[in-house]
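Chain by chain, the residues:
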Amino acid sequence: MDNKLVDPKKTIETIQKYQFAFQKRFGQNFLIDSHVLDKIVNAAGITKEDCVLEIGPGIGTMTQYLAEHAGRVVAVEIDTNLLPILAETLKDYSNVTVINEDILKVDMNSLVEEYNNGRPIKVVANLPYYITTPIIMGLFESNVPIENITVMVQKEVADRMQVGPGSKDYGALSLAVQYYASPYIVANVPPNCFIPRPNVGSAVIRLTRYQEPPVQVKDAKLMFRLIRASFNQRRKTLQNGLNNSPELSFSKEEIAAVIESLGLPAAVRGEALTLEQFAALANAFTERTE
Ligand code: SAM
C-alpha cells in the first residue's frame, strides 16, 4: 500500500516533490478517498478481461486502482506537466499507457481498435467538470464500442442525466443520455474527498450503453433537433418552441397537426414529453415528408 497515492499525505507529497501547480482551466481536483475509488471500480464491474479508458488521470491516483483490476488501461491526459509525475507513479504497472492529448481531439474509434481490437471498452473517469457534456455526448455520438461509462461529475449534472419529465432538472441532456444508456447514480461525493476541494457537490454515475436504443426513431438527428428546440425556450409551448427554432423549418400548421395527431394538448410544453413521445413526434414529422 506504500506507493498508493490515494492517501492525502502521499498526494500532497507528490505534488510538492514536482512543484505541481493546479490548473483551474483543466478542472483539476484530485481524489483522495479510497472508498470512492472502490465504489467506482466496483460499479464499473472491472475485471482482468477489460480494457479501460481513463480520461484525465491527474497524478495517477485512480489509474493505479484501475491498473490493478483491469487487463489494460489507456489514460488520456491533456496537461503535459503531469507526465513526469505519471511516469513515476505508474512505473510499476506495465498494463498502463498514458497518452498526452486533449480527449475531445482523440479519434476514439482508432484508439479502441488499437488497444482492444475494436471490442467494447469501459470508460472510467473523475471528469474535468468544464467539459462533462461534450465528453459524454462525444463518446455516445461517435458510436465507439463502449460497455459502460462510470464517471464522477457535478452532482447537479448527474441528477440531470437520470431524471424524467416533471423535474426542473429534466432537459436535453437527460433525453440524450437516456437514448443511449441506462443511468444509475452510484454515490454522492462531498468536496472533502478531493484536493483542492471543488465548490460543488459531486456524484458518481454509471451509464450502461444500450445495445439498441429504447425507442424506435427513424431520424435520430431530427429527434435531437426537436428536443433542443423544445428546451431552448422552456417556458414556451412545444408548438412555439418548434416554430421559433432556427434548426427546424416546419410550418405552424404542420406543427399543430403533428402535435394533435399524437393526442397531445395544443398548449403542451416540451418539458412534459417523455423520450417515447419525442421519438413519436420525430417519426410523425418524418412520415409527413416521406
Ligand atoms: N483522475 C484524477 C483523480 O481522480 O485524482 C484527476 C481528475 S481531475 C478532476 C481531471 C483531470 O482531467 C485532470 O488531470 C486534468 O488535467 C484532465 N483534463 C482536463 N481537460 C482534459 C482534456 N480535454 N483531455 C484530457 N484530460 C483533461
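What you see is a predicted model, and the numbers here were worked out from it, not measured in a lab.

## Here we look at the UniProt feature "binding site: S-adenosyl-L-methionine" (unreviewed entry) in the protein
Thought 1: Using the residue numbers shown here, the UniProt feature "binding site: S-adenosyl-L-methionine" (unreviewed entry) corresponds to Asn29, Leu31, Gly56, Glu77, Asp102 and Asn126.
Thought 2: In this structure, Leu31 sits in strand 1 (residues 30-31).
Thought 3: Residue contacts for Leu31: discarding those within four places in its chain leaves Val6, Val36, Leu37, Thr61, Met62, Asn126, Cys193 and Phe194.
Thought 4: Here Asp102 is to be found in the loop between strand 4 (96-100) and helix 5 (108-116).

## Thoughts on the packing of helix 9 (residues 220-232) against helix 12 (residues 275-289)
Thought 1: Running from N to C, helix 9 and helix 12 cross one another at 115 degrees; their axes reach a closest spacing of 9 Å. Pair helix 9 / helix 12 crosses with right-handed handedness. Across from Leu222, Met223, Leu226 and Ile227 in helix 9, the residues of helix 12 making contact are Phe278, Ala279, Leu281, Ala282, Phe285 and Thr286.
Thought 2: Looking at side-chain class alone, the contact of helix 9 with helix 12 contains nine nonpolar, one polar and no charged residues.

## What about helix 9?
Thought 1: Taking 1.5 Å as the rise per residue, helix 9 with 13 residues should run 18 Å; its terminal C-alpha atoms sit 18 Å apart, in good agreement.
Thought 2: Next to the buried residues of helix 9 lie helix 8 (172-180), helix 10 (238-244) and helix 12.

## Side note on the sheet that holds strand 4
Thought 1: Across the sheet, which stays open at both edges, the seven strands sit in the order 4-3-2-5-6-9-7 with mixed pairing between neighbours. A single partner strand is all that each edge strand has here, and the edge strands are strand 4 and strand 7 (181-189). The mean angle between the axes of side-by-side strands here comes to 20 degrees, regardless of whether they run parallel or antiparallel.
Thought 2: Its contacts with the sheet place helix 6 (residues 132-141) against strand 2 (51-55), strand 5 (121-126) and strand 6 (146-154), and it is angled at close to 175 degrees to strand 6.

## Focus on the UniProt feature "domain: Ribosomal RNA adenine methylase transferase N-terminal" (unreviewed entry) in the protein
Thought 1: According to UniProt, the positions carrying the feature "domain: Ribosomal RNA adenine methylase transferase N-terminal" (unreviewed entry) are residues 36-211.
Thought 2: Segment residues 36-211 splits into 35% helix and 28% strand. End C-alpha atoms: 28 Å apart.

## A short note on the pairing of strand 4
Thought 1: The pairing of strand 3 (residues 72-77) with strand 4 spans five bridges and is classified as parallel. Within strand 4, the position partnered with Glu77 by the bridge is Asn100.
Thought 2: Where the polypeptide runs from strand 3 across helix 4 (residues 83-89) and back to strand 4, its parallel neighbour, the crossover connection is right-handed.

## Focus: the site of the ligand
Thought 1: In the neighbourhood of the ligand, 22 residues make up the surrounding shell, with Phe30, Gly56, Gly58, Asn126 and Pro128 lying closest.
Thought 2: Of all elements in the fold, only strand 1, helix 3 (61-69) and strand 3 reach the threshold of two or more residues within the shell around the ligand.
Thought 3: Residues of the shell around the ligand, tallied by class, amount to 12 nonpolar, seven polar and three charged.

## Some words on the environment of Lys122
Thought 1: On the secondary structure map, Lys122 appears in strand 5.
Thought 2: Given 24 C-beta atoms within 10 Å, Lys122 falls into the buried group.
Thought 3: Discounting residues that sit within four places of it in the chain, Lys122 has contacts with Ala44, Ile46, Asp50, Val52, Glu147 and Asn148.

Definitions and limits used
Residues numbered from 1 in each chain as written. Predicted model: local features only at pLDDT ≥ 70, side-chain atom pairs only at ≥ 80, totals over all residues. UniProt positions renumbered as here; feature names shortened; annotations may be inferred. Helix = DSSP H or I, 4+ residues; strand = E, 2+ residues; numbered from the N terminus. Contact = placed C-beta atoms within 7 Å. Axes fitted to C-alpha atoms, helices over the stretch in contact; angles between N-to-C directions. Left-handed = near helix turned anticlockwise from the far one by under 90°. Nonpolar A, V, L, I, M, F, W, Y, C, P; charged D, E, K, R; others polar. Expected span 1.5 Å × (residues − 1). Pairing = 2+ DSSP bridges. Right-handed = clockwise from strand over helix to strand, strands pointing away. Near = placed C-beta within 6 Å. Buried ≥ 20, exposed ≤ 12 C-beta atoms within 10 Å, placed from the backbone.

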